[in-house]
Protein chains: 4
Amino acid sequence: MRLGIVGNSDYGGLPDVMQRLRALVPQLGMSLALEPPLLPFLSDADVFDEHTEVDAVLSLGGDGTLLRAARLLDDRAAPILGVNLGRLGFLTSCDADGLEEGVRRLVERDYHAEPRMALRAAAVDASGRVHARWRSLNDVVLHKGGFARVVRFAVWVDGEPIGAFAADGVVVATPTGSTAYSLSAGGPIVVPTVESIVLTAVSPHTLAIRPLVLPPTAELRLMADDGPEELLVTLDGQPGTTLGESETLVIHRAATPVLIVRFADSSFFARLRTKMGWGGLSERDE
Amino acid sequence: MRLGIVGNSDYGGLPDVMQRLRALVPQLGMSLALEPPLLPFLSDADVFDEHTEVDAVLSLGGDGTLLRAARLLDDRAAPILGVNLGRLGFLTSCDADGLEEGVRRLVERDYHAEPRMALRAAAVDASGRVHARWRSLNDVVLHKGGFARVVRFAVWVDGEPIGAFAADGVVVATPTGSTAYSLSAGGPIVVPTVESIVLTAVSPHTLAIRPLVLPPTAELRLMADDGPEELLVTLDGQPGTTLGESETLVIHRAATPVLIVRFADSSFFARLRTKMGWGGLSERDE
Amino acid sequence: MRLGIVGNSDYGGLPDVMQRLRALVPQLGMSLALEPPLLPFLSDADVFDEHTEVDAVLSLGGDGTLLRAARLLDDRAAPILGVNLGRLGFLTSCDADGLEEGVRRLVERDYHAEPRMALRAAAVDASGRVHARWRSLNDVVLHKGGFARVVRFAVWVDGEPIGAFAADGVVVATPTGSTAYSLSAGGPIVVPTVESIVLTAVSPHTLAIRPLVLPPTAELRLMADDGPEELLVTLDGQPGTTLGESETLVIHRAATPVLIVRFADSSFFARLRTKMGWGGLSERDE
Amino acid sequence: MRLGIVGNSDYGGLPDVMQRLRALVPQLGMSLALEPPLLPFLSDADVFDEHTEVDAVLSLGGDGTLLRAARLLDDRAAPILGVNLGRLGFLTSCDADGLEEGVRRLVERDYHAEPRMALRAAAVDASGRVHARWRSLNDVVLHKGGFARVVRFAVWVDGEPIGAFAADGVVVATPTGSTAYSLSAGGPIVVPTVESIVLTAVSPHTLAIRPLVLPPTAELRLMADDGPEELLVTLDGQPGTTLGESETLVIHRAATPVLIVRFADSSFFARLRTKMGWGGLSERDE
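We now turn to the structure provided with this report. All figures in this text were calculated on a predicted structure; none of them were measured in a lab.

To describe two helices that pack against each other, one gives the angle between their axes and the distance between the axes. Residue and element names in this part refer to chain A. Between helix α1 (residues 14-28) and helix α3 (residues 99-107), whose axes approach to 10 Å, the crossing angle comes to 40°. Classified by the interaxial angle, the pair formed by α1 and α3 is oblique. Crossing geometry of α1 relative to α3 is assigned as right-handed. Contacts between α1 and α3 pair Val-17, Arg-20, Leu-21, Leu-24 and Leu-28 from the former with Leu-99, Glu-100, Val-103, Arg-104 and Val-107 from the latter. When grouped by side-chain class, the residues that make up the contact of α1 with α3 number 7 nonpolar, no polar and 3 charged.

All names here are of chain A. As enumerated under the stated definition, the model contains 62 salt bridges over all chains in all. In this structure, Arg-68 and Glu-35 form a salt bridge, with 2.2 Å as the shortest nitrogen-oxygen distance. Remark: Glu-35 occurs in the loop between β2 (31-34) and β3 (46-47) and Arg-68 occurs in helix α2 (residues 63-73); sequence separation between them is 33 residues. Residue classification places Glu-35 among the buried residues on the basis of a relative accessible area of 9%.

On to the interface of chain A and chain B, then. Taken together, the contacts link 46 residues of chain A with 46 residues of chain B. For the pair chain A and chain B, the summed buried surface comes to about 3600 Å²; carbon and sulfur atoms form 56% of the total. At the junction of chain A with chain B, the criterion picks out 0 salt bridges. Where chain A touches chain B, the interface holds 14 residue pairs in polar contact (both at pLDDT 80 or more). Residue contributions to the side of chain A that touches chain B peak at 7 residues, all from strand β12 (residues 160-167) of chain A.

Laying chain A over chain B is done by rotating through 180° and shifting 0.0 Å along the axis; what remains is an RMSD of 0.0 Å. Classification of the inter-copy transformation places it as that of a two-fold axis. Closest approach to the rotation axis among the C-alpha atoms of chain A is made by Pro-188 of chain A, whose C-alpha sits 3.1 Å away. By residue overlap, the copies meet face to face through one surface: 100% of the interface positions of chain A are interface positions in chain B.

Here 7 strands make up an open sheet; going across it, the order is β19(A)-β18(A)-β10(A)-β13(A)-β15(A)-β16(A)-β14(B) and the pairing mixed. Each of the sheet's edge strands pairs with one partner strand only, and the pair in question is β19 (238-243) of chain A together with β14 (189-190) of chain B. Of the strand pairs in this sheet, strand β15 (residues 197-202) of chain A and strand β16 (residues 212-214) of chain A are connected by 3 bridges, and their pairing is antiparallel. Directly across from Val-198 of chain A, in β16 of chain A, lies its bridge partner Val-213 of chain A.

Parameters and conventions
Residues numbered from 1 in each chain as written. Chains lettered and ligands numbered in written order. Predicted model: local features only at pLDDT ≥ 70, side-chain atom pairs only at ≥ 80, totals over all residues. Heavy atoms only, no water. Axes fitted to C-alpha atoms, helices over the stretch in contact; angles between N-to-C directions. Helix = DSSP H or I, 4+ residues; strand = E, 2+ residues; numbered from the N terminus. Parallel < 35°, antiparallel > 145°, perpendicular 65-115°, else oblique. Left-handed = near helix turned anticlockwise from the far one by under 90°. Contact = heavy atoms within 4.5 Å. Nonpolar A, V, L, I, M, F, W, Y, C, P; charged D, E, K, R; others polar. Salt bridge = Lys/Arg side-chain N within 4 Å of Asp/Glu carboxyl O. Buried < 20%, exposed > 50% of the residue type's maximum accessible area, 1.4 Å probe, protein only. Buried area = accessible area lost by both parts, 1.4 Å probe. Polar contact = N/O pair within 3.5 Å; in protein donor to acceptor, adjacent residues only side chain to side chain. Least-squares fit on C-alpha atoms with pLDDT ≥ 70 in both. Pairing = 2+ DSSP bridges.

Everything listed here is a matter of coordinates, which is why it stays silent on function.
Structure, rendered in structure tokens:
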């Protein structure tokens, strides 16, 4: 089995985990491909990039690291095992302590692959030419940039104009992304198995707007409604591109879901309570 | 074809519509069954009640009238044609002007039946005995009553406790109900085709709670978390029952959806803009 | 000095505090007047009721107990020392440990009296007759009752109609009450020294409504906009009265503020963080 | 009387108003000073800039134009008469039709000057040196820029740290600004006479945060809580400066209020209803 490795060296535990991982290689008869920044840990390993064929991916860090692994995979269907090096994540599969057991079960295919719907976004110019294209597991955000003044956004769903409104931005999120930036903008929490696309305006200038939960099959088109404003596209919180005045951002469900390795029934609600205190850890009395 | 008729006499247009409907009976070779309050309009008609077998239902009024028709049908699968006598509704199929054409197409089965997920709710006592049971198309609400002080609600999803929090109430809504009371309580707007159950706390006493979009297959159990408080259950805004301290409200998707008659592509977003001004009719400038 | 005593026997620490308080009487040369439920603790004490003249009040319990003490005082200007028997309160002055020192400083007038704006509310019938009248430190709420359907509320400020909207209720809160029910309904947190009246609709049926912060001098009039609906009035979370269809609820600033005893600079923001986790105790990472 | 003129040429009515204004000069015995872009309309007029002494200012445009006039005046106490060339504004004093009467009454001092609290903001470096300084009538916003990732903001009020949280930005608004960007970020509407400072986080990453209404005397200090992130400062929606990692944004009430010319009782609530549909223009039925 060929394992791609992605890791975030901001976590102090990374060197130890890399060392233990190296020890596992001969035991489990697997080979490793590493993101370039990880190569110093294992100098004879191959590079893991957007062309490498891998059977599975190991993400060493937090949810953000796993999101990066998913972007790197793009439409390749390899499952991702997230080893959590920090606080509890929504997406990680085990803690650092569980590294050896986790990797062994991965190699033995003794796990459940939880499919998470992803989004495919493309920046398209007036002639229909695609100038940028991404897959994201959390969200695609179209946002005014820097000191920009009020921008009006126009939104189409399946070819129908559904609204045009002034706002700071528009968040298009998967259920997985519903607990990330979409939530900050006022969106609902969507249980991951409810395939859907959540559309939420960021700081809208009208009172009469509310988050929308759209079918997973919807095709969304977003653009600036008026004028020469240049907009910014971010994917899972990472810079994507700028969107010029005659360009449109087209978003729909990605062809392949992201496959998250799970070893046992993982309770979404338990993670919600632990990570966000949902449902009343700190109530007021009387 | 046997047609059940439900109507709201608060709308001034009802007598005219009933008269025109009477004229259609011989032309279309159908028979009518009327809710008791409508019998004066057509003294020789049968009564339409919870036991009457009907092939379709005509709802004369607004969305509230159609919700009542759906409750009356309970699990019977007859489609409902809503003739709108007031302002644009989300659920109605045509205006009063379209009565004759609408009924003829209904009889000729020249329409699309749009299935709308409904909820089945039951009040269950400690011994498992069901003491009340309803189907609702919009929502089931568990609410503190009258002058009651703070109540703590406990919520389970598929047997897992997901939270316990002080609030005025809890709204459990279908996508259809997402634009009704659930929206007032801060819930998202869910496009009707996204089968799901929306759980929203009403005036929660904790800051750390947000609306949840759950799978349509989820079974919810709601009860008072502490003490002897008597709670109220309402269904689609109508009184249901009181829920005693040892009782639980169990909610899941109803076995049969409500079938709404549609004659043409009906745009959910157009209704959203017209009824609620969603997406910026009244924006602020500068 | 004559001290009125109010206490909540739901707190287990009450008997001990009452016993220590009894020991303080001869030392400090004060006399006590007790709420009737507390008389068993000190059988020879006077009764503290709405007519008793007292120089100060001791509230033994939590914020709810102190709110009750303030209602009992009505317009009498005696300062209230809140001895906190439970979790940190917004209004209490010291913990049970600090009882002796707190009472001694109260008797020696070695404290700061923090004035908190209160509200005066009255239910007035069509002929102008007042049939009920209260002072509240937190809030006055006009609410639909029981199974009641949608109610439309009409609101006037200083004689000007400012809006009529369907909702579950309307909260009129002081700055002190802005962290109580008003917050649950979506209102802002108002620092106690910003004298003002906060008006917040509870679950409004229109999207286009937001909490309003009004001048402390405003006179508000609230009533049902349409029809025979009977409404409920609650004061600081306690039952007030029902409001009939031709009656109006009139609310303005109370003539006298509630005086809260403070022994040192008390940080409103520290209480906000501790009680409600305001400002980010439980943030999401990545 | 010397009148400073500010105008927005995006409004088609500007040339006509400038022509009529020129005709008024000899009649009313006044002199005009014009913003440089307006000089072509009246070639012999003086320039109106940040040093010009004027007795009053005429703002020709909308609320945005008047905000610009107020920034240009800075601490000079001249009253501003806003002639509204577009849709109803919150701040304008009369329509274009009322130009002649408005200016005559201004010259005759036959008006009411409504004082509106303004904010004074300064960017201060680690050594206490002020590198930029502004007055704003609506708001001061500290915001992450461009593609920036999550930023943590730290906020102090009168020297006390009140919170540190991840967000897109922080809005500090006057009551006048409470109906502008602050409202988009979820802040309350504050009636202009309630002097106060409204602090609202933009898309906070924690659930446990709510808008705060602070005393007008509060001094706020805002900065990035962690790291080298460069932040952007905007004033009334206009670019201010960037704020480096060791710099602090200090905000307090401006020494002088902005004086808005009013000719009659102007109802804040009527403007609220007309501009924003506050209080239920578009309600849902049933």
